[in-house]
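Structural features, examined
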Amino acid sequence: MSLLQIAEPGESRARQACHGRVVGIDLGTTHSLVACVRDGQPVCLPGPDGEVLLPSVVHYRSSGPPLVGAEAAAMAHLAPYDTIASVKRLMGRGLHDVMGKCPYRLNERSESVVRLRVAGGREVTPVEVSAEILRVLRQRAEQALGGELAGAVITVPAYFDDAQRQATKDAGRLAGLEVLRLLNEPTAAALAYGLDRRREGRFAVFDLGGGTFDISILDLRDGIFTVLATAGDTALGGDDMDRALVELICARHPGGAAFAASVEADPGLARHLLLQARQVKHRLSSEELVRITPVGGEGEVQISRADFEQAIAPLLQRTTLPCRRALKDAGLTAADLDGVVLVGGATRVPALRRHVAELFGRPPLCDLDPDQVVALGAAAQAEIIYSERNDMLLVDVTPLSLGLELMGGIVEKIIPRNSRVPTRARQVFTTYADGQTGFDLHVVQGERETAADCRSLARFQLRGIPPAAAGVARLEVTFLIDENGLLHVTAREQTSGKEASIQVKPSYGLTEEEIERMLLDSYEHGAEDVARRQLLEQRVEADRILNALRAALAADGHLLEPAERARLDEAAAALAAAREGQDHRLIAERIQALDRASQEFAQRRMDQSLSRAVAGRSLHDVERAVHLQEPATEGEPCPG
Amino acid sequence: MTSEEQTYFDILGLARRYALDPRELEERYRALSRQWHPDVHGRASPAERVRILQRATDLNQAYRVLRNDDERAAYLLRLEGVDIGAEEPGAQAQVDPTFLAEMLELREALAEAQAARDEQAVRAIEAMVRRRCEEARAQVAAGFVRLEAGDRSALADIARRLIELRYLRRFHDELDRYEEARLLDAQG
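Check the secondary structure of chain A and you find 18 helices and 27 strands. Contacts in chain A between residues far apart in sequence, at least 24 positions, make up 70% of those at least 6 positions apart.

Of regular secondary structure, chain B possesses 7 helices and 0 strands. Taken from N to C terminus, the helices and strands of chain B fall in the order α-α-α-α-α-α-α. Here chain B has a C-alpha radius of gyration of 21 Å; the compact-globule value for 188 residues is 16 Å, and the former is much larger. In terms of principal-axis extent, the alpha carbons of chain B reach across some 60 × 50 × 30 Å. The burial tally for chain B puts 31% of its 188 residues in the buried class. Relative to all contacts within chain B whose residues are 6 or more apart in sequence, the contacts with residues 24 or more apart total 55%.

Moving on, we come to the environment of C323 of chain A. All names here are of chain A. As for its position among the elements, C323 is in helix α10 (residues 320-330). Accessibility expressed as a C-beta count within 10 Å gives 22 for C323, which makes it buried. Separated by 108 residues in the primary sequence, C323 and I215 have C-alpha atoms spaced 6.2 Å apart. The residues contacting C323, other than those within four sequence positions of it, are I215 and L359.

Looking now at the packing of helix α5 (residues 97-115) of chain B against helix α6 (residues 119-148) of chain B. How two helices pack is summed up by the angle between their axes together with the distance between the axes. Residue and element names in this part refer to chain B. Taken N-terminus to C-terminus, the directions of α5 and α6 make an angle of 155°; their axes are 8 Å apart at the nearest point. As the angle between them shows, α5 and α6 are arranged roughly antiparallel. For the pair α5 and α6, the sense of crossing is left-handed. Contact residues: α5 offers L106, A109, L110, A113 and Q114, while α6 offers A121, V122 and I125. Taken together, the residues of the contact of α5 with α6 break down into 7 nonpolar, 1 polar and no charged.

To continue, consider the nonpolar core. Residues V23 and A152 of chain A are the most contacted members of the largest nonpolar core, which totals 159 residues. Those residues in contact with A152 of chain A that lie beyond four places of it in its chain are V22, V23, I25, G172, L177, E178, V179, L180 and A382 of chain A. Counting residues in hydrophobic clusters, the runner-up holds 37 residues, among them L53, A56, Y63 and I158 of chain B.

Next up on the list: the sheet that holds strand β13 (residues 201-208) of chain A. Residues and elements named next belong to chain A. The 5 strands lie next to each other as β18-β13-β14-β15-β19, forming an open sheet whose pairing is mixed. Of all strands in the sheet, those bounded by a partner on one side alone are β18 (339-343) and β19 (393-395). Taking the axes of each pair of neighbouring strands and ignoring which way they run, one obtains an average angle of 25° across the sheet.

A separate point is the sheet that holds strand β8 (residues 83-85) of chain A. Residue and element names in this part refer to chain A. Pairing is antiparallel across the open sheet formed by 3 strands, whose spatial order is β7-β6-β8. Only two strands of the sheet have a single neighbouring strand rather than two, namely β7 (67-68) and β8. Inspection of the sheet shows strand β6 (residues 57-59) paired to β8 by 3 bridges, in the antiparallel sense. Across the sheet, V58 pairs through a bridge with I84, a residue of β8.

Here we take up the domain arrangement of chain B. Its domain assignment divides chain B into domain 1 (3-67) and domain 2 (89-187). Domain 1 of chain B and domain 2 of chain B are separated by 31 Å when their C-alpha centres are compared.

All names here are of chain A. Among the residues of α10, those classed as buried are C323, R325, A326, L327 and A330. Packing partners of the buried residues in α10 comprise β14 (213-221), β15 (224-233) and α11 (350-360). In the stretch just after α10, G331 is the one whose phi turns positive, near 70°.

Residue and element names in this part refer to chain A. You can see G377 is positioned in helix α12 (residues 373-387). Distance in space between the C-alpha atoms of G377 and G361 is 26 Å, their sequence separation being 16 residues. Filtering out sequence-adjacent residues up to four positions away, G377 remains in contact with G24, A188, A189, L191 and A192.

Bringing the confidence of the model for chain B into the picture now. Residue and element names in this part refer to chain B. Averaged over every residue, the pLDDT of chain B is 88; the share at 70 or more is 91%. Within chain B, helix α7 (residues 154-187) has the poorest average pLDDT of any element, 88, and helix α1 (residues 8-12) the best, 97. Within the model, the stretch residues 88-92 combines pLDDT values under 50 with 2 contacts to residues more than four positions away or in other chains. For this predicted complex, the interface score ipTM comes out at 0.89, while the overall pTM is 0.82.

What follows concerns the environment of H282 of chain A. Residue and element names in this part refer to chain A. The residue H282 is located in helix α8 (residues 267-284) in this model. C-beta crowding within 10 Å serves as the criterion here: with 15 such atoms nearby, H282 is assigned to the partly exposed category. C-alpha of H282 to C-alpha of A346: the two residues are 64 residues apart in sequence and 9.2 Å apart in space.

Rules behind the numbers
Residues numbered from 1 in each chain as written. Chains lettered and ligands numbered in written order. Predicted model: local features only at pLDDT ≥ 70, side-chain atom pairs only at ≥ 80, totals over all residues. Helix = DSSP H or I, 4+ residues; strand = E, 2+ residues; numbered from the N terminus. Contact = placed C-beta atoms within 7 Å. Rg over C-alpha atoms; globule rule 2.2 N^0.38 Å. Buried ≥ 20, exposed ≤ 12 C-beta atoms within 10 Å, placed from the backbone. Axes fitted to C-alpha atoms, helices over the stretch in contact; angles between N-to-C directions. Parallel < 35°, antiparallel > 145°, perpendicular 65-115°, else oblique. Left-handed = near helix turned anticlockwise from the far one by under 90°. Nonpolar A, V, L, I, M, F, W, Y, C, P; charged D, E, K, R; others polar. Core = buried A, V, L, I, M, F, W, Y, C linked by C-beta atoms within 7 Å. Pairing = 2+ DSSP bridges. Domains from an automatic or database assignment. pLDDT = per-residue confidence, 0-100.

Shown next, in the form of structure tokens:
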């Protein structure tokens, strides 16, 4: 959630400096991976232990930096409250979402952001925990690639809402990554599949990870990957199978109810048992019967594959409805598909494969490693974005409808689910009282008809409307969902043309100030020479902009009047002078000034290139278009 | 040439008329996406990216409206100065009372069938609603043929059918929700 500020100052500054070192990161519930493209082929990068999978576990100590990965996971049963696993389930969530479902110590006064109490009297948010994981992956990639990264594509479940996406992006920033793009996991998987097998056609990607389920229907043709529809459940995954197994183990344990009670009472034991359950799950994929001696009690428990399948049947059933919905939204039936691709570790479970085969009437494809395929696709996408190729393109959709709460708590949908992104909706509001100078707007995401049943995104307060009689002021609010699935909002008063001021109160998540404070803290702890780095970055950015301007002027200088040209030259000279100095703020200011001065020029160049593109139409069409040309029209319906 | 001055048909380089070849729409959309999708401009400056985002959203918006028969029809009417998008209280006046009566009957029939868990009856109602949608769409298409031949009296007919379609779609959504709820029940 943010106001329209896609032009984050200096956002693209680091990109040029790093010679195309870009990566894809799968920030998973149970495991995370980083991949890059080498010799045209995406590959996952191993850690010092030789493993590509980094357990998504962070262990906080009373002093010193936290442990991440296998080392952290080994601490889970000793220090369960200080060892955070499956943090992805907490991203972008509020206290009431996780109360009673979260095995950690929570700050119960923090409503909109989950705060976990860990060793050393510290409190950490899920964004910070995720940032620790990302930092390890960043270091791993920087070592493998021999220098600082220019950017990363981070994957998110397709069904993540705005708050969950924003939290992921914040974690990336906090880890010192330039987030090129948030990419939907099934889309990433489809990209990896499509590139690897050069397949074309319509595919369903069935992605059951540790904590989330996504189903996406894609069309792969001529290098364009179009997501036709997506659906899912952000609280369903392999973790739930582990928990179902724990329940089964407790029920079967010779220790009876006393054993179950002792597990309940001891979080360390519960975590240990959960790990044991996971191993049982893995073994049952190839064995028919598993015997274990559960930790924390005497006696053995036997679990057959049939027992397990019975225990997880309700979980498998929960995937049925999203699949139906996605197919329906795509306007297809299962028979129209050319294949079903399995992604996510949980799709190794044989019962799940049977369930998918039954749902789609065909055996699923699983020839790429379901653990790696998402990271591989993310790396491919990072390379595509960084190299600005247009022979390969992903067109994705927004998973949830965006709506506004109207009087009486009813939701009016303004952007329907499965709209291709980036997309926007414009709504015009008018005042209902004389002299009214403000509005409150409540933005929600979801498919239900009442706001209370949807996910609250934010409350906006619009202020500064010129006082007038009721119904005179007309406030135009634009809701834009960008290519990352993130929402941006702007408001303009139509009669005065003024930008109205908007205050955002995100329902879930961190404020910009909190993120900046965390960033500052991390710089201090990282002992990095921030000023030097900033100066370097601004110089690189200045060079880039000056070069781009020079090239543009050489090509299309004729589009400018002499006076306009003089103003541009002056702004460019000012920037060139600042670039030689030591003040990174001055360079940044002059970059912005030059940017403002060149906006009109850029616009004309784009219009020129568009009219060249349209020139390919037949004369007949052009004549008709000219003939039918009507006065200006407003795109969207305008209530009020 | 700013986005406000262009119609969705202009954006996609299509003739402004109701009849549309979905394949042509798709191909134009794909060609323009290769030009304007933000990922193709991954290294553009922040200010350029704002402008590219604007183009890309215009394109997606145009595609979304034109691809859908009902939305394309409503949009064409709006270009002609007839706005059926706003759900004013007066809008109902344009609807044929016999149509409204029919909808009420259907609704009662559906409530009864659902209460009795008579799936066959529910499916029959669904088939009926689907048929009514198809009829209304055929009438919309016929209306545009008249309109595009210069008969502006067709505007009111088209508007009426589109409003009827809105009722029918809503009805259909309800049937769909019922079906989903039934599936959920079946899951226990």
